[in-house]
Amino acid sequence: MLLINVTISGNLASNQGGDGGNIYNLGTISAKNTLVNEALTSGSCGGTAPVSLGPNLDYASASFSPCFSNADPTTAAASW
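Please read these numbers as outputs of a predicted model, since none were measured by experiment.

**What about the overall build of the protein chain?**
Tallying secondary structure elements over the protein chain gives zero helices and eight strands in all. For the protein chain, the succession of helices and strands along the chain, N to C, is β-β-β-β-β-β-β-β. Across the 80 residues of the protein chain, 36% fall into the buried class. A separation of at least 24 residues holds for 38% of the contacts in the protein chain among residues at least 6 apart in sequence.

**Thoughts on the sheet that holds strand β7 (residues 51-52)**
The strand order β1-β4-β7 describes an open sheet built from three strands, whose pairing is parallel. Whereas interior strands pair on both sides, the edge strands pair on one side only; in this sheet they are β1 (2-4) and β7. Where strand β4 (residues 30-32) meets β7, two bridges bridge the pair, whose relative direction is parallel. Bridge assignment links S30 to a residue of β7, and that residue is V51.

**Here's the deal with a nonpolar patch on the surface**
Together, L2, I4, V51 and L53 make up an exposed nonpolar region whose accessible area comes to about 350 Å². Classification of L53 as partly exposed rests on a relative accessible area of 46%.

**Digging into the nonpolar core**
L3, I8, I23, I29, A31, V36, C45, C67 and F68 together form the largest nonpolar core, which totals nine residues. The residues touching I29, leaving out its near neighbours within four places in the chain, are M1, L3, I23, P50 and V51.

Analysis parameters
- Residues numbered from 1 in each chain as written.
- Predicted model: local features only at pLDDT ≥ 70, side-chain atom pairs only at ≥ 80, totals over all residues.
- Heavy atoms only, no water.
- Helix = DSSP H or I, 4+ residues; strand = E, 2+ residues; numbered from the N terminus.
- Buried < 20%, exposed > 50% of the residue type's maximum accessible area, 1.4 Å probe, protein only.
- Contact = heavy atoms within 4.5 Å.
- Pairing = 2+ DSSP bridges.
- Patch = residues over 30% accessible without salt bridge, like charges linked within 9 Å, V, L, I, M, F, W, Y side chains within 5 Å.
- Areas by Shrake-Rupley, 256 points an atom, 1.4 Å probe, with all protein chains shown as cover.
- Salt bridge = Lys/Arg side-chain N within 4 Å of Asp/Glu carboxyl O.
- Core = buried A, V, L, I, M, F, W, Y, C linked by side-chain atoms within 4.5 Å.

Next up, the structure:
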């Protein structure tokens, strides 16, 4: 699956930590120009991290694990 110019925000899966309220990836997901905001429950991403084709933006909070594991910015690092 390829996500381009997508905003994903405020979804939920269950109350199990790490089950990916916004994205749960069992295969391959690539993303470009994608914003992933915090899920309502269970963290934003679960399973295999999406492949970043950059630039993407993750919401960052103490209870959140970023979806993208490379150098894409998070809101904590982004300058507004």
